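# A look at the structure
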Amino acid sequence: EAASYEQLAGMVSIRLAQEREKAAQRLRAIAAAEKGLDERRVALEETERKIASFVETADEIIELNVGGQMMSTTRAVLTSAEGSFLAGMFSGNFDAGHKRDKDGRIFLDVDPPLFAKILSFLRLCRLATPDCPAPLPYVAKEVRSEYDMMLKYFGLEAFMYDSAGTSSNIFQRIAEMTGTNQYRLQSNELVKITLSSTGGEPATNHEKVLGEEGFHDRSIENSYGAPGIITIRFLKHRVRVEAMELRAKTGDVAEHMSCTWEFFHGSESMWMSFPFSVRQTCTGRLETPRTRGCFVDEITWRFVKDFCLEHIVLYGRVTEK
């Protein structure tokens with residue numbers, strides 16, 4: 001009889017455990033359903049907010065005369081880049097001071113097609129989502145400098161270019177964007193590497209310095225004693241370098257790796273340094289704080305003396321030309 005009671009108690013315990021597990025599963029299912037409802041509620045509220053935003057600003061139409069070409073948009077579009085000079089101009093606080101044409105339109109003495117590209121981007125940003133960001137405008141090389149000047153004038157550089165993805169390994173990102181082997185960026189006409197002189201790897205192998213791991217016990221190097229200059233030109237992209245990492249060849253670092261260099265990022269330049277030695281062949285991440293503005297298609301290192309680099313990594317943002 002005692003054994004029967006023990007068996008009965010065991011069966012009851014098992015049954016209770018099974019019921020508890022079923023209850024826990026139901027609770028998890030309810031929690032998942034509630035989470036899904038919360039996500040749908042947030043999405044609905046965001047949709048309602050956007051609709052309300054459009055409705056609220058629908059009557060705030062701003063008529064513009066841009067270099068002789070008429071354009072119309074809303075105040076909300078013109079002020080969407082918060083903190084920019086453009087947003088300040090059309091905040092409503094300075095309407096009385098705007099220059100106007102004979103029909104009362106606000107006159108902007110800038111290139112119409114280039115301003116139209118900016119305006120189109122601002123409009124698209126109001127429709128964009130995290131999964132579908134607004135694409136950057138295509139700007140021909142011949143007018144790129146004028147376009148960049150206009151962005152800088154209106155204070156829109158950070159707003160527009162920060163939409164170019166997150167900061168990452170630039171060469172890896174270009175390889176991903178183009179479906180290309182990272183070790184073959186030059187062979188696929190995505191970059192062009194130029195050395196002032198070369199005494200190491202042949203020019204056909206220089207692109208390997210940009211690969212995931214770079215060289216090992218080999219390097220790109222100048223003819224020792226000659227000026228040490230490396231230039232990388234991006235043929236189909238523009239980049240904004242925010243940091244770099246350089247690794248020197250261990251066997252040559254003591255005698256042939258300059259510890260000081262000037263880095264050129266488009267028209268900007270800065271002096272950088274690192275105490276290379278046999279024990280310290282890699283810089284780790286070195287920030288380039290003076291390059292946080294525009295995107296460029298060419299960068300250059302000008303070393304004080306020699307260089308012998310196994311690996312070059314650039315961190316920053318990439319956009320197509």
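What this report covers is the structure whose coordinates are included nearby. The model shown is predicted, which means the values in this text are computed figures rather than measured ones. (Residues numbered from 1 in each chain as written. Predicted model: local features only at pLDDT ≥ 70, side-chain atom pairs only at ≥ 80, totals over all residues. Heavy atoms only, no water.)

Turning to the overall build of the protein chain, a few remarks are in order. Per the secondary structure count, the protein chain includes eight helices and 13 strands. Taken over C-alpha atoms, the radius of gyration comes to 29 Å for the protein chain, far larger than the 20 Å a tight globule of 321 residues would show. When its C-alpha atoms are laid out on the principal axes, the protein chain stretches across 100 × 75 × 35 Å. Out of the 321 residues belonging to the protein chain, those deemed buried represent 40%. (Helix = DSSP H or I, 4+ residues; strand = E, 2+ residues; numbered from the N terminus. Rg over C-alpha atoms; globule rule 2.2 N^0.38 Å. Buried < 20%, exposed > 50% of the residue type's maximum accessible area, 1.4 Å probe, protein only.)

As paired strands, strand β7 (residues 228-234) and strand β12 (residues 298-303) are joined by six bridges and run antiparallel to one another. Bridge assignment links Arg233 to a residue of β12, and that residue is Glu298. Pairing analysis gives five bridges linking strand β9 (residues 260-265) to β12, with the strands arranged antiparallel. Counterpart to Phe263 in the pairing with β12 is Trp301. (Pairing = 2+ DSSP bridges.)

With that settled, the discussion passes to the side chain of Ser258. With respect to the secondary-structure elements, Ser258 resides in the loop between α8 (253-256) and β9. Side-chain polar atoms of Ser258 contact the backbone nitrogen of Lys305, separated by 2.8 Å. Of note is the side chain of Ser258, whose polar atom sits 2.7 Å from the backbone oxygen of Asp306. Ser258 has contacts with Phe276, Phe303, Val304, Lys305 and Asp306, leaving out every residue within four places of it along the chain. (Polar contact = N/O pair within 3.5 Å; in protein donor to acceptor, adjacent residues only side chain to side chain. Contact = heavy atoms within 4.5 Å.)

All told, the structure shown has 10 aromatic pairs when counted by the stated rule. Ring centres 5.4 Å apart and planes at 35 degrees place the aromatic pair Phe303 and Phe307 in the tilted group. An identical accessibility class is assigned to Phe303 and Phe307; each is buried. Each residue in the set Trp261, Phe274, Phe276, Phe303 and Phe307 is aromatic and connected to the rest through ring pairs, giving one cluster. The ring of Tyr315 has Arg285 sitting right over it, with the charged end atom 4.8 Å from the ring centre. (Phe/Tyr/Trp six-rings, centres within 6.5 Å; stacked < 30°, edge-to-face > 60°. Lys NZ or Arg CZ within 6 Å of the ring centre and 35° of its normal.)

With that out of the way, let us pick up the environment of Tyr161. Note on placement: Tyr161 falls in helix α6 (residues 157-161). Since its relative accessible area comes to 3%, Tyr161 is described here as buried. The spacing of Tyr161 and Arg26 is 135 residues in sequence and 47 Å in space, taken between C-alpha atoms.

Glancing now at the sheet that holds strand β1 (residues 61-66). Strand order in the open sheet formed by three strands is β2-β1-β3, with mixed pairing between adjacent strands. Two strands bound the open sheet, and with one partner strand each, they are β2 (69-74) and β3 (106-108). Neighbour to neighbour, the strand axes of the sheet diverge by 35 degrees on average, direction disregarded. As defined by bridge partners, β1 adjoins β3 across three bridges and the pair is classed as parallel. By the bridge assignment for β3, Asn65 is matched with Phe107. Taken strand by strand, helix α4 (residues 112-127) contacts β1, β2 and β3, and its axis lies near 15 degrees from that of β2. (Axes fitted to C-alpha atoms, helices over the stretch in contact; angles between N-to-C directions.)

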